[in-house]
Amino acid sequence: VQNSADKRAQDAKSIEEKESAKADAEATLGKAELDKKSKVKESYATAMFLKDLHLECDWLLSNFDMRKDARVGEIDSLKKAKAILSGADFA
């Protein structure tokens, strides 16, 4: 009878320890799921930023020559305007 009581006490203690370990594991799992969700959102935001940056760079590269020509025209016009204001006559 004593042996049986000791066995029940050991089993009860074992169950208590296992329930405690399970609760700790569930808490760790919950925290890990929240961390994962946060990391996924952060990763998505980074991917969207990179996509937007890539599109902007593509636009700049595709329009570089046009913008370069426009800049040369602006510089030429400014030089002519400066010359006219300095008294030059282009007539």
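Conventions used here
Residues numbered from 1 in each chain as written. Predicted model: local features only at pLDDT ≥ 70, side-chain atom pairs only at ≥ 80, totals over all residues. Heavy atoms only, no water. Helix = DSSP H or I, 4+ residues; strand = E, 2+ residues; numbered from the N terminus. Rg over C-alpha atoms; globule rule 2.2 N^0.38 Å. Buried < 20%, exposed > 50% of the residue type's maximum accessible area, 1.4 Å probe, protein only. Areas by Shrake-Rupley, 256 points an atom, 1.4 Å probe, with all protein chains shown as cover. Patch = residues over 30% accessible without salt bridge, like charges linked within 9 Å, V, L, I, M, F, W, Y side chains within 5 Å. Salt bridge = Lys/Arg side-chain N within 4 Å of Asp/Glu carboxyl O. Expected span 1.5 Å × (residues − 1).

Q: Before we go on, may I ask you to explain the overall build of the chain in this structure?
A: Across its full length, the chain holds 2 helices and 0 strands. On C-alpha atoms alone, the chain measures out to a radius of gyration of 38 Å, which is more than a quarter above the 12 Å that the 2.2 N^0.38 rule sets for 91 residues. When each of the 91 residues of the chain is scored for burial, the buried share is 1%. Carbon and sulfur atoms make up 61% of the accessible area of the chain, which amounts to about 8,500 Å² in all.

Q: Quick question: what am I supposed to make of a nonpolar patch on the surface here?
A: Side chains of Phe49, Leu50 and Leu53 sit close together on the surface and give an oily, nonpolar patch of about 300 Å² of accessible area. The topology assignment puts Leu50 in helix 1 (residues 2-62).

Q: Would you take a moment to explain the environment of Ala81 for this structure?
A: Along the chain, Ala81 falls in helix 2 (residues 64-85). With 64 residues separating them in the primary sequence, Ala81 and Glu17 have C-alpha atoms 89 Å apart.

Q: Just to check I follow, could you spell out helix 2 for this structure?
A: Given 3.6 residues per helical turn, the α-helix brings residues three or four places apart onto the same face. With 22 residues, helix 2 extends 31 Å from end C-alpha to end C-alpha; this agrees with the ideal 32 Å at 1.5 Å per step. A positive backbone phi angle near 110 degrees is found at Gly87, which sits one or two residues after helix 2.

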